[in-house]
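Summary of structural features
One-letter residues, chain by chain:
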Amino acid sequence: MSVSTLDMRKNRTAVFAVLMALGMLALGFAAVPLYRMFCQVTGFAGTTQVASESDAAEAARFADSAGARTISIRFDGNTASDMPWTFHPEHPTDTVTIGQRDMAIYIAKNNSDQRITGTATFNVEPEQAGPYFNKIQCFCFTEQVLEPGQQVRMPVLYYVDPKALDDPNMEGVEQITLSYTFHRALDLAE
């Protein structure tokens, strides 16, 4: 084997290794958004669904024709350890008719002396309820900015899809917990 053939193989191997490293780096950055999309589509890990007003109206019509079964919804509010906010639901539980829109109110207060931007992560328990818990409007869809000492009421408009009644995995589920945790958002201006 000649020296130039050996050099060409080494160069090809080096280029291949660099391309593999760049590909792995790209997959690393894409993993979080891809996982988030997967969870939102499937309801995996208790991820709730996002619904439109027309989806909610269709679910309500279906629920009316199927009967008026109710379910208890428990609301939970938390903050990350570095978040100087108070955050909690106005009412810790509610009983709702499956398929009917309902609204929960969460209250957030900035206890610091500086403006803080927060973002909420959310989860539904039990996990199998995730595909059936639909949010029409939610403060979790956007970042929230609170001035020092400011307190706000934040609504969540939601419904439980009547398709949950046909899922054997939902049999025996009498309560769904909607849990939020507020985190400090990264401030790109800093």
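Structure shown above.
Residues numbered from 1 in each chain as written. Predicted model: local features only at pLDDT ≥ 70, side-chain atom pairs only at ≥ 80, totals over all residues. Heavy atoms only, no water.

Right, let's get into the packing of aromatic side chains. Under the counting rule described, the total for this entry stands at 12 aromatic pairs. Ring centres 4.9 Å apart and planes at 85° place the aromatic pair F87 and F182 in the edge-to-face group. Taken as a pair, F87 in strand β3 (residues 85–89) and F182 in strand β10 (residues 175–184) lie far apart in primary sequence, 95 residues in all. Of the two residues, F87 and F182, neither departs from the other in class, the shared state being buried. With a centroid separation of 4.7 Å and 45° between ring planes, the pair formed by F139 and Y180 is classed as tilted. You can see F139 sitting in the loop between β7 (133–138) and β8 (144–146) and its partner Y180 sitting in strand β10, a full 41 residues away along the chain. An identical accessibility class is assigned to F139 and Y180; each is buried. In textbook terms, an aromatic cluster arises when at least three aromatic residues are bridged by ring pairs, as seen for F75, W85, F87, Y106, F122, F133, F139, Y158, Y180 and F182. (Phe/Tyr/Trp six-rings, centres within 6.5 Å; stacked < 30°, edge-to-face > 60°. Helix = DSSP H or I, 4+ residues; strand = E, 2+ residues; numbered from the N terminus. Buried < 20%, exposed > 50% of the residue type's maximum accessible area, 1.4 Å probe, protein only.)

Across the sheet, five strands lie side by side as β4-β2-β10-β6-β8; this open sheet has mixed pairing. Unpaired on one side and paired on the other, β4 (93–97) and β8 mark the two borders of the sheet. On average, adjacent strands in this sheet sit at an angle of 30° to one another, irrespective of strand direction. When strand β6 (residues 116–125) meets β10, the two strands line up antiparallel, connected through eight bridges. Looking at the pairing, F122 lines up with Y180 of β10. (Pairing = 2+ DSSP bridges. Axes fitted to C-alpha atoms, helices over the stretch in contact; angles between N-to-C directions.)

All right, on to the pairing of strand β5 (residues 102–110) then. Pairing of β3 with β5, which is carried by five bridges, proceeds in the antiparallel orientation. What sits directly across from P89, in β5, is Y106. Pairing analysis gives eight bridges linking β5 to strand β9 (residues 151–160), with the strands arranged antiparallel. Residue pairing across strands places A108 opposite V152, the latter belonging to β9.

Examined bridge by bridge, strand β2 (residues 70–79) and β10 share eight bridges and lie parallel to one another. Across the sheet, residue S72 finds its bridge partner in β10, namely Q175.

Moving on to the state of the cysteines. Going through the model one piece at a time under the given rule, you end up with one disulfide. Disulfide pairing places C138 opposite C140 at an S-S distance of 2.4 Å. On the S-S bond that ties C138 to C140, the torsion sits near 130°, and the link is right-handed. The residues C138 and C140 share a single accessibility class, namely buried. (Disulfide = S-S within 2.5 Å.)

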